[in-house]
Amino acid sequence: MDAENRVVLNVGGIRHETYKATLKKIPATRLSRLTEALANYDPVLNEYFFDRHPGVFAQVLNYYRTGKLHYPTDVCGPLFEEELEFWGLDANQVEPCCWMTYTQHRDTQETLAVLDRLDLDTEKPSDEEVARKFGFEEAYYNGTVSWWQQLKPQMWSLFDEPYSSNAAKIIGVISVFFICVSIISFCLKTHPDMRVPVIRNYSVTTANQTQSWALDKVQTNAHVAFFYIECVCNAWFTLEILVRFISSPNKCEFIKSSVNIIDYIATMSFYIDLILQKYASHVENADILEFFSIIRIMRLFKLTRHSSGLKILIQTFRASAKELTLLVFFLVLGIVIFASLVYYAERIQTNPHNDFNSIPLGLWWALVTMTTVGYGDMAPKTYVGMFVGALCALAGVLTIALPVPVIVSNFAMYYSHTQARAKLPKKRRRVINVEPTRPPLRAPGAPGAPAGPMAPGMGPQAVNRRMNAIKTNHPKDMMGPNMGNQTSLCKSTPQATLPTLNTAIQKL
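Residues numbered from 1 in each chain as written. Predicted model: local features only at pLDDT ≥ 70, side-chain atom pairs only at ≥ 80, totals over all residues. Heavy atoms only, no water.

With an unreviewed UniProt entry as reference, the protein is termed BTB domain-containing protein, source organism Pieris brassicae. The annotation that UniProt attaches to the protein under Sequence similarities (unreviewed entry) is "Belongs to the potassium channel family. C (Shaw) (TC 1.A.1.2) subfamily. Shaw sub-subfamily." (UniProt positions renumbered as here; feature names shortened; annotations may be inferred.)

Written as C-alpha cells, this is what we have:
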C-alpha cells in the first residue's frame, strides 16, 4: 500500500525516492506537476528521469521535505541559480546561514562586468569583432570592405591600444615620452635658475640735476627653450587627438571620455596661453591666467591607457566611494568637535601664548592632528587642551584606519580578477545544444521494439497474474510491486491483440 504513494526520481543517474505528498508541499513547481504523460517518464522502470545536477537536486529535494533551502558549497552560484530556475524554485528562499556564501558570485559577476568595461584585455580581436565594433559588419560579410574601413581600425589600434602590435607599442612609448617631457618642462620652468630676468632701462635725475639711466629687474620669464619644448610636445598631442578622434569607432563616447576631456582641454590651454601672451600680456594681473595652465599636469591620467594597474587603482577609488564619503564625514565631524573643545579648553586657564584665538583656527589644528601630520605651528599649552589634543589624535587614527581595509580589499579583488582573466584562454570549445530524442513507446516483444528489461519484481507469477487480469479485466491486479500507481499498457488493449501480448510476455 505504501508503494503506491511513492515516486522515483532519477536525476543525473542518481535515483531518489520520496512520497508524492512531499512533492505537493510546494505548489506551482516542476516536481508538483509530475504525471505519467510526461516525456521523461519511464513506464518500465517506473521513474522520472531528469538530466540535471544530482548534487543540487539533493538540496532541492531536502527543501521539499523540510521547507529549508540550503546552498551546497561544492557548486558555483550561477549553476545553483540555473538549477533552481529549472525546478521552478525562488532563489531568494535560501536560508540566512547560506545567504552570504550564495551571493558571493553576484559580487564576482559585478567585478567581472567592471573589468570588461575597463577594457584590460590585450588579446587581438578577430576580423569579425573588429567589423562589429566599427560598424561595417554587413560590408565585411559581403566582402565589400573599403580601404578606409580597413585603415580606420589599424589607426585606432596604433594610437589607442598600446599592446595590439609592436608598432602600437612604439607609438605608446613615444606618447609616454612626450607626456613625461611636458610634465618635467612644466615643473622646471618655475625654478629660479631656469628663468630669465626682464631688465627695464629707465632714466633718472641725479642730485646734481643731471639725467642718468638705471637698470631694474621687472620680472622673470621662463627660458625660451621651454617654449620650443612645449611646442613640440603639444604638436604631438594635437596630432594624437586628431588621429584618435577621426579613427574612433564611436565619436560620442570618445568626446565624453574623462581622459579625453583632460587631454583636449590641456592641449587647448597651450594655444589659449599663446593667444593671451600675444594680445593680453599688458593687462594687469595677467599672470593669474597662467594658473589655468595647471590643467596640463592632469595629462598624467593619460598613462592609464598604458597601465592596467592605474586603471584598477582608479576603479578601486570609484568602488570605495561610499567608504571614502563615510571617512570624510567622520573627519569633518571630529574636526568641528575637537576645534570647539580645544578653543574653550585653552581659555579655561591663564594662557598668554594662546594660539587658538578662534574656532576657525582650531579647525586647521584639528585637521592636522586627526590626519597625524602635526606641523607644530599650533599646539595647546594648558593641561585640559593637551588632553583634548590627545583625544583628537586617537580619534583621528581610529577614523582613518577603519575604511582602509575595505579599500585594500577592493584593490586586491580587482587585481586578482585581472590576473586571473589574463591567464584564461580566450578561445573555448563551443558546446552544441542537442535535444534528446525519445522513441515512440511500444509494448515489449512487439515488432520493432527492443527486448528491454522487465520491471522490478515482475517474476513468472506476476506475469501470470497480469495475464489473468487482462483476461478478466481487473486493472488493480495488474499492479506489480514497486510500480506505484503505474497503469498497465495493456489496460486499454483490445481483445484482438491479447494473443500477441500473451506471446510477448511469455517470451520475456
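Engineer: When you look at the overall build of the protein in this model, what are you seeing that I'm missing?
Structural biologist: If you tally the helices and strands in the protein, you get 19 helices and six strands. In the protein, which comprises 508 residues, the proportion classed as buried is 32%. Long-range contacts, defined as pairs at least 24 residues apart, comprise 61% of the intrachain contacts of the protein with a sequence gap of at least 6. With an accessible surface of roughly 32,600 Å², the protein has 61% of that area assigned to carbon and sulfur atoms. (Helix = DSSP H or I, 4+ residues; strand = E, 2+ residues; numbered from the N terminus. Buried < 20%, exposed > 50% of the residue type's maximum accessible area, 1.4 Å probe, protein only. Contact = heavy atoms within 4.5 Å. Areas by Shrake-Rupley, 256 points an atom, 1.4 Å probe, with all protein chains shown as cover.)

Engineer: Looking at this structure, I do not really get the confidence of the model for the protein. What am I missing?
Structural biologist: Reading fine detail from the predicted coordinates is not recommended where pLDDT is low. Overall, the prediction assigns the protein a mean pLDDT of 79, with 79% of residues at 70 or greater. A low-confidence stretch, residues 442–463 (pLDDT under 50), is modelled with 21 contacts involving residues beyond four sequence positions or located in other chains. Predicted confidence for residues 469–499 stays below pLDDT 50, and this span has 39 contacts to residues more than four positions away or in other chains. (pLDDT = per-residue confidence, 0-100.)

Engineer: What is the right way to look at helix 16 (residues 383–401) in this model?
Structural biologist: Owing to its 3.6 residues per turn, the α-helix brings residues three or four apart onto one side. Over its 19 residues, helix 16 extends 27 Å from the first C-alpha to the last, a length consistent with the 27 Å expected when each residue adds 1.5 Å. Looking at helix 16, one finds that the buried residues are G385, V388, G389, C392, G396 and T399. On an axial view of helix 16, the arc spanned by its buried residues comes to 105°, and they lie on one face. Turned more than 90 degrees off the buried face of helix 16, the exposed positions are Y383, F387, L394 and L398. Looking at the buried positions of helix 16, the neighbouring elements they touch are helix 14 (321–345) and helix 15 (359–370). Regarding helix 16, its N-cap is T382, as a side-chain oxygen of that residue lies 3.1 Å from the backbone nitrogen of G385 further along. (Expected span 1.5 Å × (residues − 1). Arc of directions from axis to C-beta. Polar contact = N/O pair within 3.5 Å; in protein donor to acceptor, adjacent residues only side chain to side chain.)

Engineer: What should I look at first to understand the nonpolar core in this one?
Structural biologist: For soluble globular proteins, nonpolar side chains are generally found buried alongside one another. In this structure, L9, L31 and F80 are the most contacted members of the largest nonpolar core, which totals 27 residues. Secondary-structure elements contributing two or more residues to this core are strand 1 (6–11), strand 4 (47–50), helix 2 (54–66), helix 3 (77–87) and helix 4 (96–102). Among the elements that take part in this core, helix 2 stands out by supplying six residues, more than any other. Beyond its immediate sequence surroundings of up to four residues, L9 is in contact with I14, R15, H16, L23, L31, L34, Y48, F50 and F57. (Core = buried A, V, L, I, M, F, W, Y, C linked by side-chain atoms within 4.5 Å.)

Engineer: What should I look at first to understand the environment of D216 in this one?
Structural biologist: For D216, the position within the fold is in strand 6 (residues 211–222). By relative accessible area, D216 is classed as partly exposed at 33%. On a C-alpha basis, the gap between D216 and P197 in space is 9.6 Å, while along the polypeptide they are 19 residues apart. For D216, the residues in contact, after removing those within four places along its chain, are V198, I199, R200 and Y202.

Engineer: Even after reading the chapter, I still don't get the packing of aromatic side chains, so can you show me in this structure?
Structural biologist: Pairs of aromatic rings are described using the distance from one ring centre to the other and the angle between the two planes. For the structure on display, the rule yields 23 aromatic pairs. A centroid spacing of 4.9 Å and a plane angle of 80° characterise the contact between F86 and W87, whose relative ring orientation is edge-to-face. Taken together, a centroid distance of 5.4 Å and an interplanar angle of 70° make the contact between F270 and Y271 edge-to-face. Here F270 falls in the buried class, since its relative accessible area comes to 4%. Through a chain of ring-to-ring contacts, three or more aromatic side chains come together here, namely F50, F57, F86 and W87. Residue placement shows R52 over the ring face of F86; its charged tip is 4.1 Å from the ring centre. (Phe/Tyr/Trp six-rings, centres within 6.5 Å; stacked < 30°, edge-to-face > 60°. Lys NZ or Arg CZ within 6 Å of the ring centre and 35° of its normal.)

Engineer: Even after reading the chapter, I still don't get the pairing of strand 2 (residues 14–19), so can you show me in this structure?
Structural biologist: Sheet faces and side chains relate simply in a regular strand, where the side chains alternate between the two faces. Two elements, strand 1 and strand 2, share six bridges in a ladder whose sense is antiparallel. Across the sheet, residue V8 finds its bridge partner in strand 2, namely E17. The antiparallel pairing of strand 1 with strand 2 creates a hairpin that spans two residues between the two strands, and G12 there sits at a positive phi of about 60°. (Pairing = 2+ DSSP bridges.)

Engineer: Can you walk me through the packing of helix 9 (residues 166–188) against helix 10 (residues 224–247) in this structure?
Structural biologist: Angle between the axes and distance between the axes are the two parameters that describe a pair of packed helices. Running from amino to carboxyl end, helix 9 crosses helix 10 at an angle of 145°, the nearest separation of the two axes being 10 Å. Seen along the crossing, helix 9 lies across helix 10 with a hand that is left-handed. When helix 9 is examined against helix 10, the residues I171, I174, S175, F178, I179, V181, S182, S185 and L188 are found in contact with a partner set consisting of F226, I229, E230, V232, C233, W236, F237 and E240. Grouping the constituent residues of the contact of helix 9 with helix 10 by class yields twelve nonpolar, three polar and two charged. (Axes fitted to C-alpha atoms, helices over the stretch in contact; angles between N-to-C directions. Left-handed = near helix turned anticlockwise from the far one by under 90°. Nonpolar A, V, L, I, M, F, W, Y, C, P; charged D, E, K, R; others polar.)

Engineer: Would you mind going over the sheet that holds strand 3 (residues 41–42) with me for this structure?
Structural biologist: Across a sheet, strands are paired by hydrogen bonds formed along the backbone, either parallel or antiparallel in direction. What the four strands build is an open sheet, ordered 2-1-4-3; its pairing is mixed. Looking along the sheet, the strands with just one partner apiece sit at the ends: strand 2 and strand 3. Sheet analysis places strand 1 next to strand 4, joined by three bridges and oriented parallel. In the sheet register, L9 faces strand 4, and the bridge partner there is Y48. The sheet contacts of helix 2 involve strand 1 and strand 2, and relative to strand 2 the element is tilted by about 5°.

Engineer: Would you mind going over the UniProt feature "transmembrane region" (unreviewed entry) in the protein with me for this structure?
Structural biologist: As annotated by UniProt and renumbered to match this structure, "transmembrane region" (unreviewed entry) occupies residues 324–345, 357–376 and 383–408. As a span, residues 324–345 carries 100% helix and 0% strand, and end to end its C-alpha atoms are 31 Å apart. The straight-line gap between the two end C-alpha atoms of residues 357–376 is 16 Å; of that span, 60% is helix and 0% is strand.

Engineer: I'm lost on the pattern of salt bridges in this one. Help?
Structural biologist: Opposite charge on two side chains makes pairing possible when the charged atoms of those side chains draw close. Applying the stated criterion to the full structure yields twelve salt bridges. The salt bridge involving E128 is made with R132; its shortest N-O contact spans 3.2 Å. Linking E128 with R132, this pair stays in helix 6 (residues 127–134), spanning four residues, or about one helical turn. What emerges from the salt-bridge pattern is a single network uniting E128, R132 and E137. (Salt bridge = Lys/Arg side-chain N within 4 Å of Asp/Glu carboxyl O.)

Engineer: Looking at this structure, how should I read the side chain of S175?
Structural biologist: By the secondary structure assignment, S175 is in helix 9. Excluding anything up to four places from it in sequence, S175 contacts W236, E240, R305 and H306.

Engineer: Just to check I follow, could you spell out the environment of S212 for this structure?
Structural biologist: Considering the arrangement of structural elements, one finds S212 in strand 6. With a relative accessible area of 30%, S212 lands in the partly exposed category. In this structure the C-alpha to C-alpha distance between S212 and Y202, which are ten residues apart in sequence, comes to 8.5 Å. In this structure, S212 is in contact with Y202, S203, V204 and T206, ignoring residues within four places of it in sequence.

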